[in-house]
Amino acid sequence: MSDKITHTGIIDTINGRHVRVRIVQQAACASCKVASHCNASDMKEKMVDAVTDSTNLSVGQQVVVSTSSVAVKQALLLAFGWPLLLLLCILAASRLCGCSEGLSAILTIGGLALYYIIMCFFRNRIAHSISFKIE
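A brief structural summary. (Residues numbered from 1 in each chain as written. Predicted model: local features only at pLDDT ≥ 70, side-chain atom pairs only at ≥ 80, totals over all residues. Heavy atoms only, no water.)

Quick look at the pairing of strand 3 (residues 45-51)
Going by this rule: DSSP-based pairing: two strands are paired if at least 2 bridges between them are found. Strands are runs of DSSP state E lasting at least 2 residues, helices are runs of H or I lasting at least 4, and numbering of each runs from the N terminus.
Here strand 2 (residues 18-24) pairs with strand 3 via 7 bridges, running antiparallel. Note on strand 3: the bridge partner recorded for arginine 20 is aspartate 49. Bridge count between strand 3 and strand 5 (residues 132-134): 2 bridges; the pairing is parallel. For valine 51, the partnering residue across the bridge sits in strand 5 and is lysine 133.

Printed below as a string of structure tokens:
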């Protein structure tokens with residue numbers, strides 16, 4: 001399995017080292033090994049923020065953006081894996097403590113809300129570890 005996931009896109013805006021790239025869905029996404037986990041394969045158009053050291057880029061230029069498969073797995077774990085585990089743990093713990101179903105549901109939803117609020121506070125740190133680069 002390749003350690004990079006790539007998509008072709010068109011530069012929309014450039015702001016220093018940060019480039020916003022528009023990825024348009026292509027037929028090749030259907031044969032991609034990670035298409036079922038990739039948001040770019042589900043949408044017609046996706047905007048991606050990428051980092052580059054190159055200075056010879058221009059708006060409208062076609063580029064290839066990439067990220068590592070490790071970053072994709074980390075993003076999936078942060079977005080779906082840990083919240084699911086948290087949901088199950090809070091639900092089981094609250095039911096074992098004798099809480100009613102309604103209270104267990106409220107505690108579970110509250111726990112998930114707290115998880116995503118914490119994720120918002122750490123979004124800059126997460127963005128550094130899960131990022132796209134222009135090749």
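After that view, the rundown keeps rolling.
Points about the packing of helix 2 (residues 69-96) against helix 3 (residues 101-121)
Here is the rule: Axis lines are fitted to C-alpha atoms, over the contacting stretch for helices. Their N-to-C directions set the angle, which ranges from 0 to 180 degrees. Should an angle fall under 35 degrees it is taken as roughly parallel, and over 145 as roughly antiparallel, whereas 65 to 115 is taken as roughly perpendicular and any remaining angle as oblique. In this scheme, a crossing is called left-handed if the near helix is turned counterclockwise away from the far one by less than a right angle; it is called right-handed if the turn is clockwise. Contact between two residues is taken to exist if any of their heavy atoms lie within 4.5 Å; hydrogens are not considered. For this scheme, ten residues count as nonpolar: Ala, Val, Leu, Ile, Met, Phe, Trp, Tyr, Cys and Pro. Four count as charged, namely Asp, Glu, Lys and Arg, and the remainder, Gly too, count as polar.
Orientation of helix 2 relative to helix 3, taken along the N-to-C sense of each, is 150°, at an axis distance of 9 Å. As summarised for this structure, helix 2 and helix 3 are arranged roughly antiparallel, according to the angle between their axes. The way helix 2 lies across helix 3 gives a crossing that is right-handed. Counted together, Leu78, Ala79, Trp82, Pro83, Leu86, Leu87, Ile90, Leu91, Ser94 and Arg95 of helix 2 and Glu101, Ser104, Leu107, Thr108, Gly111, Leu112, Tyr115, Tyr116 and Met119 of helix 3 form the full contact between these two elements. Here the contact of helix 2 with helix 3 is built from residues that sort into 13 nonpolar, 4 polar and 2 charged.

So, the pattern of salt bridges
Heads up, the rule is: In the sections that follow, a salt bridge refers to a side-chain nitrogen of Lys or Arg positioned within 4 Å of a carboxyl oxygen of Asp or Glu. Accessibility here uses a 1.4 Å probe with only protein chains present; expressed as a share of the type maximum, an area under 20% marks a residue as buried, one over 50% as exposed, and anything in between as partly exposed.
In this structure the tally under the stated criterion is 2 salt bridges. Taking the shortest distance from any N to any O, the salt bridge between aspartate 12 and arginine 22 comes out at 3.0 Å. Of this pair, aspartate 12 sits in strand 1 (residues 4-15) while arginine 22 sits in strand 2, placing them 10 residues apart in sequence. A residue is classified by how much of its surface remains accessible, and aspartate 12, at 27% relative accessible area, is partly exposed. Here aspartate 49 makes a salt bridge to arginine 20, at a shortest N to O gap of 2.8 Å. In this pair, aspartate 49 sits in strand 3 while arginine 20 sits in strand 2, placing the two residues 29 residues apart along the sequence. Given a relative accessible area of 34%, arginine 20 falls into the partly exposed group.

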